[in-house]
Amino acid sequence: VEVHVCMGTAGVASGAIEVMAALDEQFEKHGLKNAESKERNCEAKQTGCRGLCARDVLIDVYMPGEKSITYEHVTAEMVPTIVEEHIIGGQVVEKWAAKADYFQFYDKQKRYVLHDCGRVDPESLEDYVKLGGYEAIKKAITMKPEEVIEEVKASGLRGRGGGGFPTGLKWTFCRGAKTEDHKYLICNADEGDPGAFMDRSIIEGNPHAVIEGMLIAGYAIGCDEGYIYCRAEYPLAIERVIKAIKDAEAAGYLGKGVFSSDYNFKLKLKEGAGAFVCGEETALIASIEGERGMPRPRPPFPAVRGLWQKPSNVNNVETFANLPNIILKGSGWYSGIGTEKSKGTKIFALSGKIKSSGLVEVPMGITVRELIFDVGGGIPKKRKFKAVQLGGPSGGCLTPDHLETPIDYDSLIAAGAMMGSGGVVVMDETNCMVNVAQFFLTFTQRESCGKCIPCRIGTKTMLDILDRITTGKGREGDIELLQQIGEDIKTSSLCGLGQTAPNPVLTTIKYFRHEYEAHIKDKKCPARECAE
Ligand code: SF4
């Protein structure tokens, strides 16, 4: 008997450590720990996030020859009943078992990258290997590096960090770059958008998949050294990836002579101090070099002159985690999922006013409605859906009129939002959209590195205007001023942070102008949030 316990950050925060301890205690008490009979032997196994964070602590009970049973909102106090009635007595504790609405969360998902999150023990190399781990890199090193790049190109994989640039094409630039010695491969795990926890969950739940993806990319590009750049606010992810690196090195999967081949790949972890701008690749490179994390003008692009002035390739966590499947199952399999120009699946972090907040992986092309209502379960308290901020603080707000928009790179941009890294923050009828815009702009303004004036001064000026609007001191012409400054910041900022910072303000003005006008003219907003 195996009992899987969600020990991702959300699980731990909800009491998973205590649940694990209670399971161990009960197994010991009933003589089920290390029992000789396979039917009686019970083991509690930690796993990463399986998605429905809102219902943590989640546990799955696997009895031999039976369908697994999931229990939600489990506490240490519930464990003796589950052990005695279900594991020993054979009767499922129906009142705590997951019902149809739990399984509905998974119905429209296609969990390929997240497949083993929730199944594999993230701190066990053996467990990952047992589930087919490291078979993809074994296969890749029997191919020529150029063949690996062609396979990734043919798959249609685009960078999952937000830009959506074709991954295989990006690799060709770095592979073709001339250098006397090193080329570097960097994994961007600096996810910092409010409402985003995709990359953290992948690393916490299955760190070896990211390492394996990096091994594949490093081999294809010709890199012999890599860095995982992870923000220090992700202590569990850091702890697990450090252990995974050590275990993979000890097993001969990383370091000198990967799987006894002549491919060498050394991997290190670099902790970032939590600056949002360090998600921008040149700022990230500066930070690894020990400099202040500020973007650098491009060209030269990192593929030509990146880390320590050497050719470097940066991809994000989710991009790397897609690679083992592409190599093992083939580009044809991968390109068969999704839309014509956006292939594969995308992981989203659902948060805000949504019933099933958590981590989901859906095929590209699914509509905004399906994502929010079918997968996310819709809006709680029978309230109406008002808007969704897609793509984090750099993205844009979409309205009920956009519910049928397919989620792919191009359709979202056409609708005024963007894929971003995958943050989805849902608003209901009580939310004031001026407050929402102010919230996101406050974040980007604080995170501006200050290097260029349009972003440094422009975002502050926009925020000052928003402050006076929301405090009843708005003036005629403020909306137009916000639009003008916003457009100027977008066109004249150095990096993506400034180029996208005005988006939440501009899209909320576009779709909810009446709320801005109500704040300015009537000195009050119709939204309940403001009335209260
Ligand atoms: Fe820094 Fe903003 Fe300029 Fe980017 S746009 S370099 S964050 S000041």
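**Structural notes on the site of the ligand**
Taken together, 13 residues are adjacent to the ligand, and Cys449, Lys451, Cys452, Cys455 and Cys495 come closest. Taken together, the residues of the shell around the ligand sort by class into eight nonpolar, four polar and one charged.

**Some details on the side chain of His402**
With respect to the secondary-structure elements, His402 resides in the loop between strand E12 (396-398) and helix H16 (409-415). What His402 contacts, discounting residues up to four positions off in sequence, is Val368, Ala415 and Tyr511.

**As for the environment of Glu146**
Relative to the helices and strands, Glu146 resides in helix H7 (residues 145-155). Spatially, the C-alpha atom of Glu146 lies 9.6 Å from that of Tyr219, the residues being 73 residues apart in sequence. Side-chain polar atoms of Glu146 contact the side chain of Arg175, separated by 3.4 Å.

**So, helix H11 (residues 235-250)**
Compared with the 22 Å implied by 1.5 Å per residue over 16 residues, the 23 Å span of H11 between its first and last C-alpha is a close match. Of the positions making up H11, those classed as buried are Leu236, Ala237, Ile238, Arg240, Val241, Ala244, Ile245 and Ala248. Residue Gly252 follows H11 closely and has a positive phi angle near 85 degrees.

**With respect to the environment of Ala177**
Here Ala177 lies in the loop between helix H8 (167-176) and strand E5 (184-189). Sequence-wise, Ala177 and Lys341 are 164 residues apart; in three dimensions their C-alpha atoms are separated by 27 Å. Those residues in contact with Ala177, other than ones at most four positions away along the chain, are Lys183, Ala303 and Pro311.

**Notes on helix H3 (residues 79-88)**
Since the α-helix advances by 3.6 residues per turn, residues separated by three or four positions end up pointing in the same direction. Here H3 has its buried residues at Val79, Ile82, Val83, His86 and Ile87. Taken around the axis of H3, the buried residues stretch over an arc of 110 degrees, which confines them to a single face. Next to the buried residues of H3 lie strand E1 (2-6), helix H2 (16-29), strand E3 (59-62) and strand E4 (69-71). Taken from the residues just after H3, Gly90 is the one with a positive phi, measuring 80 degrees.

**Brief notes about the nonpolar core**
For soluble globular proteins, nonpolar side chains are generally found buried alongside one another. Of all hydrophobic cores here, the largest spans 66 residues; its most connected members are Tyr134, Ile137, Val148, Trp171, Leu215 and Phe265. Taken domain by domain, this core gets at least three of its residues from each of domain 2 (125-335) and domain 3 (345-428). Each residue touching Ile137, except ones within four places of it in the same chain, is listed here: Glu212, Leu215, Ile216, Val258, Phe259 and Tyr263. In this structure, Tyr102, Phe105, Leu403 and Ile407 belong to the second largest nonpolar core, which totals 32 residues.

**Some points on the pattern of salt bridges**
Taken as a whole, this structure holds 35 salt bridges when the rule is applied. Of the charged contacts, one joins Asp181 and Lys310 as a salt bridge, the two residues approaching to 3.3 Å between their closest N and O atoms. Pair noted here: Asp181 is in the loop between H8 and E5 and Lys310 is in the loop between helix H12 (281-288) and strand E8 (312-316), with a separation of 129 residues, a long-range link. You can call Asp181 partly exposed: its relative accessible area is 45%. Residue Lys310 is classed as partly exposed on the basis of its relative accessible area, which comes to 25%.

**What to know about the packing of aromatic side chains**
Tallied over the full model, the rule gives 16 aromatic pairs. Both rings, one in Phe276 and one in Phe443, keep their centres 5.0 Å apart while their planes meet at 65 degrees; by these two values the pair is edge-to-face. Taken together, the residues Phe276 in the loop between strand E7 (266-272) and H12 and Phe443 in helix H17 (residues 433-447) connect sequence positions 167 residues apart. Owing to a relative accessible area of 12%, Phe276 belongs among the buried residues under this scheme. Residue Phe443 is classed as buried on the basis of its relative accessible area, which comes to 17%. These aromatic residues form a ring-pair network of at least three members: Tyr102, Phe103, Phe105 and Tyr106. Just above the ring of Phe103 sits the side chain of Lys67; from NZ or CZ to the centre is 5.9 Å.

**Considerations on unusual backbone geometry**
Cis geometry is found at the peptide bond from Asp56 to Val57, where omega equals 5 degrees. Its place among the elements puts Val57 in the loop between strand E2 (43-47) and E3. Cis geometry is adopted by the peptide bond preceding Pro299, which originates at Arg298 and carries an omega value of 0 degrees. Looking at the secondary structure, you find Pro299 in the loop between H12 and E8. The phi torsion at Ser260 lies on the positive side, around 60 degrees, for a residue other than glycine.

**Quick word on the domain arrangement of the protein chain**
If you check the domain split of the protein chain, you get domain 1 (2-98), domain 2 (125-335), domain 3 (345-428) and domain 4 (433-531). Contact with domain 2, which involves 13 residues of that partner, is made by ten residues of domain 4. A per-residue breakdown of the area domain 2 buries against domain 4 is headed by Pro194, Phe276 and Pro295, which together make up 51% of the total. At the boundary of domain 2 and domain 4, one finds three residue pairs in polar contact (both at pLDDT 80 or more). Taken together, the residues of the side of domain 2 that touches domain 4 sort by class into seven nonpolar, three polar and three charged.

Cut-off values and rules
- Residues numbered from 1 in each chain as written.
- Predicted model: local features only at pLDDT ≥ 70, side-chain atom pairs only at ≥ 80, totals over all residues.
- Heavy atoms only, no water.
- Near = heavy atom within 4 Å.
- Nonpolar A, V, L, I, M, F, W, Y, C, P; charged D, E, K, R; others polar.
- Helix = DSSP H or I, 4+ residues; strand = E, 2+ residues; numbered from the N terminus.
- Contact = heavy atoms within 4.5 Å.
- Polar contact = N/O pair within 3.5 Å; in protein donor to acceptor, adjacent residues only side chain to side chain.
- Expected span 1.5 Å × (residues − 1).
- Buried < 20%, exposed > 50% of the residue type's maximum accessible area, 1.4 Å probe, protein only.
- Arc of directions from axis to C-beta.
- Core = buried A, V, L, I, M, F, W, Y, C linked by side-chain atoms within 4.5 Å.
- Domains from an automatic or database assignment.
- Salt bridge = Lys/Arg side-chain N within 4 Å of Asp/Glu carboxyl O.
- Phe/Tyr/Trp six-rings, centres within 6.5 Å; stacked < 30°, edge-to-face > 60°.
- Lys NZ or Arg CZ within 6 Å of the ring centre and 35° of its normal.
- Buried area = accessible area lost by both parts, 1.4 Å probe.

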